[in-house]
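This is what each chain is made of:
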Amino acid sequence: MKRVLQTLAALAVLAGLAGGAVVGLGLYNVSARVGHLQGVSWVLHTTFRNSVRLRAARPAEMPDLSDPALIELGARHYDTACRSCHAAPGEAQSATMAAMVPAPPPIGQAVQGWKPYQLHWIVANGIKMSGMPPWPAQREDDVWPVVAFLSSVQQGMEGADYGTLTRLPDEEAPLAYCLGCHGDGGLAQVPPLNGQGAAYLEMALQAYRGGTRASGIMAQAAREVPPETMGDLARWFAAQPVAPIPPQDMPADLVERGRALVHADTGDPDVPACRACHGPDRSERSAFFPNLAGLPAPYLRTQLGLWRDGRRGGGPQAGLMRKAARHLDDSDIAALVAYYASLPAETGQ
Ligand code: HEC
Ligand code: HEC
Ligand code: HEC
């Protein structure tokens, strides 16, 4: 027994020395031109596929992936975050990307054989030892728009449809880029910006860029523009008239309960009622407190859920809001969303 142990120990030392030589003396050829040793690519790819199948669980709830607003938001994000590697549907990859080891598959091929929640796992987590990056924020609900887009690609989306979906409005850069998503108020998870003050908007942009406010989509967008343009963009949006979007139709009983909550004393001396900070009808509202009147209900619901769970992040004053949301339950959130969404956008100004 002792001899067996001694032999094993000697083998371990030898293996360590051999490994040390490969690392220390540079014996392993890292040139991507040479590719992986025969069989290694197959092992890595098979490990990847089985690893995703093991880890990606079907969630209890999934958004409606055929929702055109979700597909368009996902396509617009894809256009700046993924297209450089996977190309657009029907588009040829650049020669350099096709030479990567492992190569990013063209998107029509990359989506084959995966279920939506498996695509969600891949986009959220990325793939180790390849060029595939993870989602750039500590949050995963905002990966679903990208999955909605990938599902449309699975169903055969063509290059022309992609072009229509990601077309930018006729404005100068970088404004055109922002307006692609923030333009006509049609993408439910994208807040309109023209009801907010410039100070709040600029603070939010800095927070996305600095990573203190979690959003994979805006983390990407905020770094697409030079930092010195942020103040101008914030002032431009703040100066636009509030879009005449009709108030959203919300269930009357929820709106009433929300109205009561928004005005009610919270019973906690540290936490004033929502109205004290957000209005409505509060002319002395701080320039850093957002206007909530008329924001899209799906956006409000997502944000309040994130605040309550301590995952929203934000600027220097975010602590105030975290405290205010800590004790909300799902039914409070439904009522608060219904109330603020039902207000005409201009009431908060
Ligand atoms: C820097 C290049 C790069 C970027 C950017 C990138 N990917 Fe990838 N992606 C890769 C590579 C390389 C692989 C292949 C990994 C492998 O086969 O081991 C991959 C794999 C995938 C797969 C799985 C494909 C398969 O073989 O089954 C999907 C789906 C995918 N990417 C989607 C996306 C989406 C969506 C985005 C944007 C949010 C994105 N990728 C951004 C490089 C990239
Ligand atoms: C691909 C779509 C997309 C693009 C492009 C985009 N945004 Fe956004 N934007 C979003 C989404 C989605 C959110 C909500 C993110 C969240 O959950 O925090 C958002 C949120 C914001 C907010 C926070 C608003 C609030 O009420 O808190 C600001 C400010 C903003 N975007 C400004 C910009 C500017 C300026 C640009 C151009 C540089 C831009 N966005 C480009 C999708 C986009
Ligand atoms: C003490 C002041 C204060 C109170 C009270 C307060 N908030 Fe806030 N709220 C803020 C601040 C400040 C922010 C922005 C923080 C940031 O992004 O850095 C915010 C942000 C929000 C947002 C995100 C808006 C957007 O465009 O992303 C929502 C939704 C919200 N509050 C809802 C509520 C509701 C509902 C209540 C009552 C339960 C409430 N707030 C109470 C200060 C407050």
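For clarity, every value in this text was computed on a predicted model and none was experimentally measured. Here the residue numbering is sequential within each chain, running from 1 through the sequence in written order. Numbering of ligands from 1 and lettering of chains from A proceed in the order in which they are written. A pLDDT threshold of at least 70 governs which residues receive local features in this predicted model, and a stricter bar of 80 or more applies before side-chain atom pairs are shown or counted, although totals over entire chains, interfaces and linings include all residues. The basis for every side-chain value is the complete set of heavy atoms in the structure, and neither hydrogens nor water enter the calculation.

1. Looking at the pattern of salt bridges
Definition used for salt bridges: Asp or Glu carboxyl oxygen within 4 Å of a side-chain nitrogen of Lys or Arg. Under the criterion given, the structure shown has nine salt bridges. Close ionic contact of Arg83 with Glu91 constitutes a salt bridge, the shortest N to O distance being 2.6 Å. Think of it in three bands: residues with accessible area under 20% of the maximum for their type are buried, residues over 50% are exposed, and the middle band is partly exposed, with areas taken using a 1.4 Å probe on protein chains only. Looking at Glu91, the relative accessible area reads 32%, which means it is partly exposed. Here Arg308 and Asp309 are joined by a salt bridge, their closest N and O atoms 2.8 Å apart. A single network of salt bridges, built from pairs that share partners, joins Asp79, Arg83 and Glu91.

2. Considerations on the site of ligand 3
The local shell around ligand 3 holds 26 residues, among which Cys274, Cys277, His278, Tyr299 and Met321 are the closest. With respect to ligand 3, the side chain of His278 contributes an N or O atom lying 2.7 Å from a nitrogen atom. The backbone of Gly315 places a nitrogen or oxygen atom 2.7 Å from an oxygen atom of ligand 3. Mapped by element, the contributors of at least two residues to the shell around ligand 3 are α11 (198-210), α15 (274-278), α16 (297-308) and α17 (318-325). We call a residue near a molecule or strand as soon as one heavy atom of that residue lies within 4 Å of the molecule or strand. Polar contacts, as used here, are pairs of N or O atoms within 3.5 Å; protein pairs need one atom able to donate a hydrogen and one able to accept it. Residues neighboring in sequence count only if both atoms are side-chain atoms. Put simply, DSSP marks the helices as runs of H or I at least four residues long and the strands as runs of E at least two long, and each gets a number from the N terminus on.

3. Things to note about the packing of helix α10 (residues 175-182) against helix α13 (residues 230-239)
Orientation of α10 relative to α13, taken along the N-to-C sense of each, is 50°, at an axis distance of 11 Å. As summarised for this structure, α10 and α13 are arranged oblique, according to the angle between their axes. Two packed elements cross with a definite hand, and for α10 against α13 that hand is right-handed. In this structure, α10 contributes Leu175, Cys178, Leu179 and His182 to the contact, and α13 contributes Leu233, Trp236 and Phe237. Residues are grouped as follows: nonpolar covers Ala, Val, Leu, Ile, Met, Phe, Trp, Tyr, Cys and Pro; charged covers Asp, Glu, Lys and Arg; every other residue, Gly included, is treated as polar. Of the residues contributing to the contact of α10 with α13, the split by class is six nonpolar, one polar and no charged. The convention used is that axes are lines fitted to C-alpha atoms, helices contributing only their stretch in contact, and that angles between N-to-C directions extend from 0 to 180 degrees. Note on angle classes: values under 35 degrees are labelled roughly parallel, values over 145 roughly antiparallel, values of 65 to 115 roughly perpendicular, and the remainder oblique. Left-handed describes a crossing whose near helix is turned anticlockwise from the far helix by less than a right angle; the clockwise case is right-handed. Contacts: residue pairs with any heavy atoms within 4.5 Å of one another.

4. Focus on the site of ligand 1
Neighbouring ligand 1 are 22 residues, the closest being Cys82, Cys85, His86, Trp114 and Met132. Within the side chain of His45, one N or O atom sits 3.3 Å away from an oxygen atom of ligand 1. Among the secondary structure elements, those contributing two or more residues to the shell around ligand 1 are α2 (40-55), α4 (83-86) and α7 (116-125).

5. Section: the environment of Gln303
Within the secondary structure layout, Gln303 lies in helix α16. Once the C-alpha coordinates of Gln303 and Ile333 are considered, the two residues, 30 residues apart in sequence, prove to be 9.9 Å apart. Discounting residues that sit within four places of it in the chain, Gln303 has contacts with Arg139, Arg213 and Arg312.

6. Some words on the packing of aromatic side chains
Note on aromatic pairs: the rings of Phe, Tyr and Trp (six-membered ring only in Trp) are paired at centre separations within 6.5 Å, and the planes decide the class, stacked below 30 degrees, edge-to-face beyond 60, tilted for the rest. Using the criterion set out here, one finds six aromatic pairs in the structure. Ring centres 5.8 Å apart and planes at 50° place the aromatic pair Phe149 and Tyr162 in the tilted group. With a gap of 13 residues between them, Phe149 in helix α8 (residues 144-154) and Tyr162 in helix α9 (residues 159-165) connect regions that are remote in the sequence. Taken together, Tyr78, Phe149 and Tyr162 form an aromatic cluster joined through their ring pairs.

7. With respect to the coordination of the iron atom of ligand 1
Note that water is not among the atoms used; donors are N, O and S atoms within 2.8 Å of the metal (3.2 Å for Na, K and Ca), so sites may look incomplete. Around the iron atom of ligand 1, the protein contributes the donor atoms His86 (NE2) and Met132 (SD), which lie 2.0 to 2.1 Å from the metal centre. Think of it this way: with four donors and all angles in the 85 to 135 degree range, the site is tetrahedral; with four or six donors, opposite ones beyond 155 degrees and the rest between 65 and 115, it is square planar or octahedral; otherwise it is irregular. Relative to the metal, the six donor atoms surrounding the iron atom of ligand 1 lie at angles of 86 to 178°, and the coordination shape comes out octahedral. Residue His86 is found in helix α4, and its partner Met132 is found in the loop between α7 and α8; the two are separated by 46 residues along the sequence. The class of His86 is buried, set by a relative accessible area of 14%. Looking at Met132, the relative accessible area reads 22%, which means it is partly exposed.

8. Topic: the domain arrangement of the chain
Each domain span listed reflects an automatic or database assignment of domains. For the chain, the assigned domains read domain 1 (47-165), domain 2 (175-239) and domain 3 (252-348). Each of domain 1 and domain 3 has a C-alpha centre, and these two points are 33 Å apart.

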